[in-house]
Amino acid sequence: MTELAFHNSATRRREAFAPIDPEHVRLYVCGPTVYDLAHLGNARPVVVFDVLARLLRGRFPRVTYVRNITDVDDKINARAAESGESIGAITARTTAGFHADMVALGCLPPDEEPRATDNIAPMIAIIEKLIGNGHAYEAEGHVLFAVSSYPSYGALSGRTPDEMLAGARVEVAPYKRDPGDFVLWKPSDDATPGWDSPWGRGRPGWHIECSAMSWRYLGPEFDIHGGGHDLIFPHHENELAQSACAFPGSGFARFWLHNGMLLVDGEKMSKSLGNFLTVRDILQRGAWAGEAFRLLLLKTHYRSALDYTAERLDEARGELDDFYALLARDLPVPEADDALVAEMAEWAMAPLADDLNTPLAVARLRDLRTLENVATVGGSDKAVLGRIGRDWAPQSGQAAAALRQAAGVLGLLAGDAKAWRQGGAADGNAAIEAAIAARLAARAAKDWAEADRIRADLTAQGIVLEDGAGGTTWRRA
Ligand SMILES: [Zn+2]
């Protein structure tokens, strides 16, 4: 198999990847702050790192993928204050909505999904270590990380101290020794969630949450830390400073992987521009929309900026229509240990080893579809085989089986092909099936006018009939 290599944000280089423990890959990705529905930008890292986790699981005996839930945060407190809904109700409802949305996008759950509020004790333990070794100090009920105590501060994001101050929109507070010092713990009043601590009743800052949860589930040093590019500073810079100083000698994450930003219609998504879209907005377009959006995301390399448009979603839907049309044919099923099927599937997904090159992997799925179409009608396709550089001559069904196997690594084409073509609308299907049966009866009775009338009626409802050797099938246009 092709060696794994990823672009490491920490070194700004492509590096060969090997886990610290060859038997066990440990991966941490920052999860959602649960106060509102997931928007399209929130979905991108979830899909990208779902593909990474699937790739790693196919190559290593054990993978532990941890993605947290931030359920204590001032944005949540503000939402509760303005809506009157309790904090517990907001975080429970939003977490359930996030889970449902990500399932609809074809994402598998992470192995561990710790909630910040269940991990206050490890946060306090890390803060105590940092105070103990001179990297943090207490002031007016707050505990702050002293950035001047960590000479490497800024190395991950590659920023100068001035750039960091500008980028962090730092709160100027009289109790800070340095304006760049950031909060590890802050006091809570009676109306705000709080926990007892050596510094009084209070709550954690956001950055310490991820340092504590990655430590608890993966140890002080692990293989890959992922997240959106917008988290590099200050969030990831601060996570790294806290963890490296609390656990001297450990390097925290060996690889940092960051996905690029998501634009909508060429602009940064914002409520004021009217281009703000939630995952729910996309899913409401139809049963096809979750998988089409996933394909749209994977057609762009994860480190590049991605522009979402409704046209690109429709284009992705059309591609899935083509794939599922192929899979809906009842092609011969190859033997389970078919060597050619395995070889073709491995070839198709080999680009993922090269810094998760999903656009090329998707292009290779299209090549497998072409190979299957050629195999079914006979002959060979010189153009496709020339590009592939192999002299494959698959039998009918083999390239389709490879297509399905390969697509599984991308979390695509796992659905029932016939249900896809029928739009998944189970309720309306009985009437359509009955009309098709009536049309077949009319044809059997040579009542062509009635058969044509029924077909025209179905066409008007957006139902396309396809008459073939195996009978009549239908799909939504
Ligand atoms: Zn984080």
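Thresholds, definitions, all that
- Residues numbered from 1 in each chain as written.
- Predicted model: local features only at pLDDT ≥ 70, side-chain atom pairs only at ≥ 80, totals over all residues.
- Heavy atoms only, no water.
- Donors = N, O, S within 2.8 Å, 3.2 Å for Na, K, Ca; no water.
- Tetrahedral: all angles 85-135°; square planar, octahedral: opposite > 155°, others 65-115°.
- Helix = DSSP H or I, 4+ residues; strand = E, 2+ residues; numbered from the N terminus.
- Buried < 20%, exposed > 50% of the residue type's maximum accessible area, 1.4 Å probe, protein only.
- Phe/Tyr/Trp six-rings, centres within 6.5 Å; stacked < 30°, edge-to-face > 60°.
- Lys NZ or Arg CZ within 6 Å of the ring centre and 35° of its normal.
- Axes fitted to C-alpha atoms, helices over the stretch in contact; angles between N-to-C directions.
- Parallel < 35°, antiparallel > 145°, perpendicular 65-115°, else oblique.
- Left-handed = near helix turned anticlockwise from the far one by under 90°.
- Contact = heavy atoms within 4.5 Å.
- Pairing = 2+ DSSP bridges.

What follows deals with the coordination of the zinc ion. Only C30 (SG), C210 (SG), H235 (NE2) and E239 (OE) from the protein reach the zinc ion as donors, at distances of 2.0 to 2.4 Å. Viewed at the metal, the four donor atoms of the zinc ion are separated by angles of 76 to 129°, and the geometry they form is irregular. Sequence positions of the residues that donate to the zinc ion give the spacing C-x179-C-x24-H-x3-E. With C210 in helix α6 (residues 206-218) and E239 in helix α7 (residues 232-246), the pair connects residues that are 29 residues apart, well separated along the chain. The class for E239 is buried, based on a relative accessible area of 0%.

A separate point is the packing of aromatic side chains. Inspection of the entire model under this criterion finds 14 aromatic pairs. Relative to F60, the ring of F17 has its centre 6.3 Å away and its plane inclined at 85°; by these criteria the two rings are edge-to-face. Taken together, the residues F17 in the loop between β2 (13-16) and β3 (24-29) and F60 in the loop between α1 (40-57) and β4 (62-67) connect sequence positions 43 residues apart. A residue is classified by how much of its surface remains accessible, and F60, at 17% relative accessible area, is buried. Seen from their ring centres, F145 and F182 are 5.1 Å apart, and the 15° between their planes marks the pair as stacked. Taken as a pair, F145 in strand β6 (residues 142-145) and F182 in strand β7 (residues 182-187) lie far apart in primary sequence, 37 residues in all. Residue F145 is classed as buried on the basis of its relative accessible area of 0%. Chaining the aromatic ring pairs together yields one cluster made of F6, F17, F60 and F255. Positioned above the aromatic ring of F276, the side-chain terminus of K271 is 4.7 Å from the ring centre. The side chain of R369 reaches across the aromatic face of F323, ending 5.9 Å from its centre.

One way to put it is that helix α2 (residues 74-83) packs onto helix α3 (residues 87-104) with a least axis distance of 9 Å and a crossing angle of 115°. Relative to α3, the element α2 lies roughly perpendicular. You can see that α2 and α3 cross each other, and the crossing is right-handed. Along the contact surface, α2 presents I76, N77, R79, A80 and S83, while α3 presents I87, I90 and T91.

Reading across the sheet, the four strands line up as β4-β3-β9-β10 and stay open at both edges, with parallel pairing between neighbours. Since the sheet does not close on itself, it has two edges, and those belong to β4 and β10 (253-259), each with one partner. Within this sheet the neighbouring strands show an average axis-to-axis angle of 20°, counted without direction. Bridge count for β3 against strand β9 (residues 222-228) is three bridges, and the pairing is parallel. The residue bridging L27 from the neighbouring strand is I224, located in β9.

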